[in-house]
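# What the coordinates show
Take a look at the letters that make up each chain.
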Amino acid sequence: MDASGAVPLTLVNAAADARAPAPGQQGEIDEVWCLFDVEAPQNHPNLDEAVTKAEASDVRLAVSNPCFELWLVLHFADRPAWLNTADAGRLRRSHDGGSGKGLDGATYMPRRAEAAQRARALAARHERDGTAFPNDNPSSSMFRFLAAVERSD
């Protein structure tokens, strides 16, 4: 199934299907990750259901709120204030000079540890303040995905 561009619940369902071994086969998949955005000001539908399904299916999540562009912004600067999806895109382009969805890996890779540190600080702030998903804008748990990828090298 090509789930590109799909809503979170569709993505999680596809990830859960990939996670489940076929009958008679032992699973050889260590981890399955699903990455998606919340979107703002209008959140994707069924976010809570997507999270519940992921937890029940042993699918790990990396969620960016409002969108992946926030994760990119965190490579350059702190972003403690609420942000909508359109503004996140503009802010990202102001930092990297890019246009569209294309990325220059050489711009981002050297800054990934700083982005992870900033994202962890946002998560700690939301936890301290009692701000729960999906109201945890801005946030990105991409740092967890990054740690898993770098751990498996």
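As a reminder, the structure under discussion sits directly above these lines.
Source: prediction; values computed, not measured. (Residues numbered from 1 in each chain as written. Predicted model: local features only at pLDDT ≥ 70, side-chain atom pairs only at ≥ 80, totals over all residues. Heavy atoms only, no water.)

With that settled, consider the overall build of the protein. Counting secondary structure elements, the protein contains seven helices and three strands. For the protein, the α and β elements follow one another from N to C terminus as α-β-α-β-α-α-α-α-β-α. Here the C-alpha radius of gyration of the protein, 16 Å, is about what a compact globule of 153 residues would show, namely 15 Å. For the C-alpha atoms alone, the extent of the protein along its principal axes is close to 50 × 30 × 30 Å. Counting every position in the protein, which comprises 153 residues, the buried fraction comes to 38%. Pairs at least 24 apart in sequence give 68% of the contacts found in the protein among residues at least 6 apart. Side-chain charges in the protein split into 16 positive and 22 negative, and the spacing between the mean points of these groups amounts to 6 Å. (Helix = DSSP H or I, 4+ residues; strand = E, 2+ residues; numbered from the N terminus. Rg over C-alpha atoms; globule rule 2.2 N^0.38 Å. Buried < 20%, exposed > 50% of the residue type's maximum accessible area, 1.4 Å probe, protein only. Contact = heavy atoms within 4.5 Å. Lys, Arg positive; Asp, Glu negative; His and termini not counted. Charge placed at Lys NZ, Arg CZ, Asp CG, Glu CD.)

Once that is clear, we can look at the sheet that holds strand 3 (residues 139–140). Strand order in the open sheet formed by three strands is 1-2-3, with mixed pairing between adjacent strands. The open sheet has two free edges, formed respectively by strand 1 (33–37) and strand 3, since each of these has just one partner strand. When strand 2 (residues 60–65) meets strand 3, the two strands line up antiparallel, connected through two bridges. Among the inter-strand pairings, Ser 64 is bridged to a residue of strand 3, identified as Ser 140. The strands touched by helix 7 (residues 142–151) within the sheet are strand 1, strand 2 and strand 3, with strand 1 carrying the most contacts at an inclination of about 150°. (Pairing = 2+ DSSP bridges. Axes fitted to C-alpha atoms, helices over the stretch in contact; angles between N-to-C directions.)

With that settled, the discussion passes to the state of the cysteines. All told, the structure shown has zero disulfides when counted by the stated rule. No disulfide involves Cys 34; its sulfur sits 16 Å from the nearest other cysteine sulfur, which is in Cys 67. For Cys 67, a relative accessible area of 0% corresponds to the buried category. (Disulfide = S-S within 2.5 Å.)

Here we take up the packing of helix 6 (residues 112–129) against helix 7. Helix-helix packing is described using two parameters, namely the angle between the two axes and the distance between the axes. As a packed pair, helix 6 and helix 7 sit with axes 9 Å apart at the nearest point and diverge in direction by 135°. Here helix 7 runs oblique to helix 6, going by the angle between their axes. Facing Arg 112, Ala 116, Ala 119, Arg 120 and Ala 123 of helix 6, the residues of helix 7 in contact are Phe 143, Leu 146 and Glu 150. Counted by class, the contact of helix 6 with helix 7 contains five nonpolar, no polar and three charged residues. (Parallel < 35°, antiparallel > 145°, perpendicular 65-115°, else oblique. Nonpolar A, V, L, I, M, F, W, Y, C, P; charged D, E, K, R; others polar.)

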